[in-house]
Amino acid sequence: MPPTSPASPTSASSPAPSALFSASLPSRDAVVAALRAAGCVFAEDEAALLLTAARTAAELTALVDRRVCGLPLEIVLGWAEFRGLRIAVAPGVFVPRRRTEFLVSEALAHAPRAQVVVDLCCGSGAVGAALAAALDRPEVHAADVDPVAVRCARGNLADVGGRVYAGDLFDALPDALRGRVDILAANVPYVPTGEVALLPAEARDHEPLVALDGGADGLDVLRRVAAAAPDWLAPGGCLLTETSERQAPAAVDAFTRAGLRTRLAVCEELYAHVVIGVRG
């Protein structure tokens with residue numbers, strides 16, 4: 001799936017989708033024109049997905065209307081593609097980003113035979129689902145403080161027997177997991193509070209603040225996770241979290257202070273920065 005692109009409500013000078021469409025299923029060109037008029041950068045790719053999703057002209061018009069009004073494409077479709085999986089997403093749930101696929105790749109490179117996986121700050125559960133798909137029947141646990149995310153993740157992890165808990169970070173997890181976790185993936189919020197208002201409208205207006213706001217410097221949740229992680233990791237187990245290029249040095253320092261062997265992995269193509277800490 002292409003990354004979501006900015007879309008704003010149709011202007012008075014731009015025709016509404018319903019004005020472009022006839023009673024029959026609209027053409028690809030008509031859908032592209034409606035999306036392009038709304039400012040969708042990847043109008044052609046999005047049109048193909050919307051045309052595939054709709055069964056009738058009325059259904060397609062409704063989908064395009066929602067996209068033109070600024071709803072993220074993934075929420076309009078009801079799913080996001082993540083490492084080849086179709087992850088269900090719902091209104092009010094953080095949409096998994098393609099760059100987070102790099103975090104999954106790094107986790108698998110470090111622990112290709114992991115048996116116990118935790119997806120902390122799980123959102124839709126995309127990371128846990130991707131790890132479960134790549135590993136040999138691991139025990140999968142996930143947690144999020146947002147009950148909407150918990151419901152979504154339970155659906156996405158049901159087929160792999162994943163257990164999803166509601167609560168604040170490690171407080172949500174069963175105590176029996178202490179010292180057993182091979183992969184602890186924590187896709188924590190890391191946008192500084194003062195920069196949340198600068199995010200694209202699709203994130204700022206449609207995703208939960210708790211999944212975006214990382215405190216004054218963006219690292220409040222990351223520091224909490226790093227400090228507590230060694231008690232939950234198995235010997236040789238790894239903690240992985242995403243951060244920004246600017247925040248990476250401070251994030252690495254937080255992992256190191258927690259007693260983890262730490263390194264920074266970078267993927268230039270995805271502009272992804274993942275901090276990895278290993279329990280000795």
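In what follows, the accompanying structure is described.

**Remarks on the pairing of strand E3 (residues 116-120)**
Consideration 1: Taken across its five residues, E3 has five buried, putting it largely inside the fold.
Consideration 2: With burial as the criterion, each face of E3 is covered, one bearing Val-116, Val-118 and Leu-120 and the other bearing Val-117 and Asp-119.
Consideration 3: Of the strand pairs in this sheet, E3 and strand E4 (residues 139-144) are connected by five bridges, and their pairing is parallel. Residue pairing for E4: Val-118 is matched across the bridge by His-141.
Consideration 4: Handedness of the crossover is the feature at issue here: the chain leaves E3, passes through helix H7 (residues 126-134), returns alongside E4, and the resulting connection is right-handed.

**A word on the nonpolar core**
Consideration 1: Within the largest apolar cluster, 35 residues are counted, with the highest numbers of intra-cluster contacts made by Leu-131, Ile-183 and Leu-240.
Consideration 2: For this core, the secondary-structure elements that each account for two or more residues are helix H6 (101-110), H7, E4, helix H8 (147-157), strand E6 (181-186), strand E7 (233-243), strand E8 (261-267) and strand E9 (272-278).
Consideration 3: Here this core takes six residues from H7, the largest share from any one element.
Consideration 4: Discounting residues that sit within four places of it in the chain, Leu-131 has contacts with Val-104, Ala-107, Leu-108, Val-117 and Ile-183.

**Quick look at the packing of aromatic side chains**
Consideration 1: All told, the structure shown has one aromatic pair when counted by the stated rule.
Consideration 2: Each ring, one from Phe-170 and one from Trp-232, has its centre 5.5 Å from the other, and the planes form 20°; the classification is stacked. Here the residue Phe-170 occupies a position in the loop between strand E5 (163-166) and E6, and Trp-232 occupies one in the loop between helix H10 (220-228) and E7, the gap between them amounting to 62 residues. In terms of burial, Phe-170 and Trp-232 fall into one category: buried.
Consideration 3: Geometry around Trp-79 places Arg-86 over its ring, the cationic atom sitting 3.8 Å from the centre.

**Let's talk about the environment of Thr-52**
Consideration 1: As for its position among the elements, Thr-52 is in helix H3 (residues 43-53).
Consideration 2: Judged by relative accessible area, which is 69%, Thr-52 ranks as exposed.
Consideration 3: A C-alpha to C-alpha distance of 44 Å links Thr-52 and Pro-249, two positions 197 residues apart in sequence.
Consideration 4: Side-chain polar atoms of Thr-52 contact the backbone oxygen of Ala-48, separated by 2.9 Å.

**Section: helix H2 (residues 28-37)**
Consideration 1: Among all positions in H2, only Ala-30, Val-31, Val-32, Ala-34 and Leu-35 are buried.
Consideration 2: Where H2 ends, the next residue or the one after it, Gly-39, has phi of about 95°, a positive value.

**Thoughts on the sheet that holds E7**
Consideration 1: In space, the seven strands of this open sheet follow the order E5-E4-E3-E6-E7-E9-E8, with mixed pairing throughout. At either end of the open sheet lies a strand with only one pairing partner, and these are E5 and E8. Neighbour-to-neighbour, the strand axes of the sheet open up by a mean angle of 20°, direction not taken into account.
Consideration 2: Sheet strands touched by H6: E6, E7, E8 and E9. Its angle to E7, the strand with the most contacts, is close to 160°.

Thresholds, definitions, all that
- Residue positions are given per chain, counting from 1 as you read along its sequence in written order.
- For this predicted model, a pLDDT threshold of at least 70 governs which residues receive local features, and a threshold of 80 or more governs which side-chain atom pairs are given and counted, while totals over whole chains, interfaces and linings are taken from all residues.
- Only hydrogens and water are removed before side-chain values are computed, so all heavy atoms of the structure are retained for them.
- Each residue gets one of three labels from its accessible area relative to the maximum for its type: buried under 20%, exposed over 50%, partly exposed in between, using a 1.4 Å probe on protein chains only.
- Working definition: helices are DSSP H or I runs of at least four residues, strands are E runs of at least two. Numbering for both runs from the N terminus.
- By the convention used here, strands pair only if DSSP detects at least 2 bridges between them.
- By definition, the crossover connecting two strands over a helix is right-handed if that path, from the first strand to the second, turns clockwise as seen with the strands pointing away from the viewer.
- Put simply, a nonpolar core is a bunch of buried Ala, Val, Leu, Ile, Met, Phe, Trp, Tyr and Cys residues held in one set by side-chain atoms that sit within 4.5 Å of each other.
- Contacts: residue pairs with any heavy atoms within 4.5 Å of one another.
- Ring pairs are drawn from Phe, Tyr and Trp, using the six-membered ring of Trp, whenever the two centres fall within 6.5 Å, and their geometry is named by plane angle: stacked under 30 degrees, edge-to-face over 60, tilted for the rest.
- Here, a charge over a ring means that NZ of Lys or CZ of Arg falls within 6 Å of the ring centre while also lying within 35 degrees of the ring normal.
- In protein, a polar contact means a hydrogen-donor-capable atom and an acceptor-capable atom, both N or O and within 3.5 Å, with residues adjacent in sequence counting only if both atoms are side-chain atoms; elsewhere, any N or O pair within 3.5 Å suffices.
- Here an axis means a line fitted to C-alpha atoms, over the contact stretch when the element is a helix, while the angle between two N-to-C directions is reported on a 0 to 180 degree scale.

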